[in-house]
Structures are given as C-alpha cells and as structure tokens.
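These are the residues of each chain, in order.
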Amino acid sequence: MQVKFRIATIADLREINCLVQDAIAAMKKEQIDQWDERYPDQEILREDIEKQQLYVGYVENKIVVIYVINQEFDQEYNTGKWEYNEKPFYVLHRLCVDPKQQKQGIARSTMRHIEEELKAKGIGAMRLDVFSKNPSALRLYHSFGFKKVGHADWRKGRFYLMEKCI
C-alpha cells in the first residue's frame, strides 16, 4: 500500500475527526484508555491544522493516518534525560492510523517518511511520549530504535518519554 503525505487543511478536519473517533473506540475495545472526548478533541486538531503542523497520509484520496510534528512539548519533557541535547529536534504527537487500515504497515511507512523529512531538514533527533499501556505503539517505537529517557504522569496515566537520533 503506497501512502502519500501532505499537510492537512481545514477541509480535512471532518475526516480527521472521524478517524480519531474511530481510533478512540478501537482503543477502548482493547482496554487502552489513552484518548477520549477531551483529547484530542476537534479544537486541538483544528489548531494543529491552523499551525500547519498536522499531516495526513492518504491512499486513493482517503486519509489513513495522521500525525503532528513540531518543536512544541509540555514542561514535563524537561524531566527527561535526553541524550541528544546538542542536536536540533522535533517532537512527534498524535500519530494515529485508521483502525480499519491497521496491520498493513502504514505506521511503519509513516515513521520512515517522518524520519526522511526530518533528515532532509537537517534535524538530528526525534522525541515523543507514548502511553505506557499502549503495547502496539510501544512496539512500533522500540522497533524504530527509540529509547526511553524518562516518564511523565498526565491525566490518563504514565507516558514514557522517548528519543531517537536520526
């Protein structure tokens, strides 16, 4: 499956919101209480689009994955024992594959795409936080060489802070 990527537009918001709501329902079925009606809500997604930080991956004009990449992070990131402080870095947020399209390599191809884009911009590291009770996300990030450098405790529980040199 060949996924193409582009920056999201306000015209995509409805489809993006549906994808996120489907993902929330799928996670609940798996007893992963990570996202809900408060996060990420439509207003957060709208702000991501307005800041031109939300990207969509699509196949045949249907959005199959979204992610946000920027240099923003919560103050809890300051507790991480980051290894690559001398390198410019970006932070990955809200990576989400349409549940109906999962297990087809979309998350892996998206991660490869993000890394290639960041390398082309001269970015040396990527950071993220991952819910400690989301085994699929943990496997994905570990398989891409991300290392745990700390944790943050937010409303939904413990999140691991992770980093990778790219």
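In this report, the structure presented in the accompanying data block is examined. Only a predicted model underlies this, so the values are computations on that prediction, with no experimental measurement involved. (Residues numbered from 1 in each chain as written. Predicted model: local features only at pLDDT ≥ 70, side-chain atom pairs only at ≥ 80, totals over all residues. Heavy atoms only, no water.)

**Examining the overall build of the protein**
Piece 1. Tallying secondary structure elements over the protein gives 4 helices and 7 strands in all.
Piece 2. Along the protein, helices (α) and strands (β) appear in the sequence β-α-α-β-β-β-α-β-α-β-β when read from the amino end.
Piece 3. Radius of gyration (C-alpha) of the protein: 15 Å, near the 15 Å computed for a compact globule of 166 residues.
Piece 4. Referenced to the eigenvectors of the C-alpha coordinate spread, the extents of the protein come out at roughly 40 × 35 × 30 Å.
Piece 5. Put simply, the protein has 166 residues, and 49% of those count as buried.
Piece 6. If you take every contact in the protein between residues at least 6 apart in sequence, the share linking residues at least 24 apart comes to 70%.
Piece 7. Here the protein holds 27 positive side-chain charges and 25 negative ones, and the gap between their average locations is 5 Å. (Helix = DSSP H or I, 4+ residues; strand = E, 2+ residues; numbered from the N terminus. Rg over C-alpha atoms; globule rule 2.2 N^0.38 Å. Buried < 20%, exposed > 50% of the residue type's maximum accessible area, 1.4 Å probe, protein only. Contact = heavy atoms within 4.5 Å. Lys, Arg positive; Asp, Glu negative; His and termini not counted. Charge placed at Lys NZ, Arg CZ, Asp CG, Glu CD.)

**As for the pattern of salt bridges**
Piece 1. Using the criterion set out here, one finds 13 salt bridges in the structure.
Piece 2. Residues joined in a network through salt bridges with shared partners are Asp22, Lys62, Asp98 and Lys100. (Salt bridge = Lys/Arg side-chain N within 4 Å of Asp/Glu carboxyl O.)

**Some points on the sheet that holds strand β7 (residues 157–165)**
Piece 1. Taken together, 7 strands build an open sheet; the order of strands is β1-β2-β3-β4-β5-β7-β6 and the sheet is mixed. Among the strands making up the open sheet, the edge pair consists of β1 (4–7) and β6 (147–154). Across the sheet, the axes of successive neighbouring strands diverge by a mean angle of 30°, strand direction being ignored.
Piece 2. Bridge count for strand β3 (residues 62–70) against strand β4 (residues 89–97) is 5 bridges, and the pairing is antiparallel. Pairing of Asn70 across the sheet is with Val91, part of β4.
Piece 3. Sitting on the sheet, helix α1 (residues 13–29) touches β2 (54–59), β3 and β4, and the angle it makes with β3 is about 90°.
Piece 4. With respect to the sheet, helix α3 (residues 106–120) is in contact with β1, β3, β4, β5 (125–131) and β7, its orientation differing from that of β3 by roughly 40°. (Pairing = 2+ DSSP bridges. Axes fitted to C-alpha atoms, helices over the stretch in contact; angles between N-to-C directions.)

**Concerning unusual backbone geometry**
Piece 1. Following Tyr39, the chain continues to Pro40 via a peptide bond in cis, the omega torsion being -10°.
Piece 2. Tracing the chain through its elements places Pro40 in the loop between α1 and α2 (42–50).
Piece 3. For Gln31, which is not glycine, the phi torsion reads 60° and is therefore positive.
Piece 4. Looking at where Gln31 falls in the secondary structure, it is placed in the loop between α1 and α2.
Piece 5. Relative accessible area serves as the criterion here: at 73%, Gln31 is assigned to the exposed category.
Piece 6. We note that Gln52 has phi near 60°; this positive angle belongs to a residue other than glycine.

**Considerations on helix α4 (residues 135–143)**
Piece 1. All buried positions along α4 are accounted for by Ala137, Leu138, Leu140 and Tyr141. All buried residues of α4 fall inside an arc of 165° around its axis, so they share one side.
Piece 2. Buried residues in α4 make contact with β4, α3, β5 and β7.
Piece 3. A positive phi of about 90° marks Gly145, the residue just after α4. (Arc of directions from axis to C-beta.)

**Topic: the side chain of Glu163**
Piece 1. Mapped onto the elements, Glu163 comes out in strand β7.
Piece 2. Classification of Glu163 by relative accessible area gives buried; the value is 2%.
Piece 3. Among the polar contacts made by the side chain of Glu163, one reaches the main-chain amide nitrogen of Glu83 at a distance of 2.7 Å.
Piece 4. A distance of 3.2 Å separates polar atoms of two side chains, one belonging to Glu163 and the other to Arg127. (Polar contact = N/O pair within 3.5 Å; in protein donor to acceptor, adjacent residues only side chain to side chain.)

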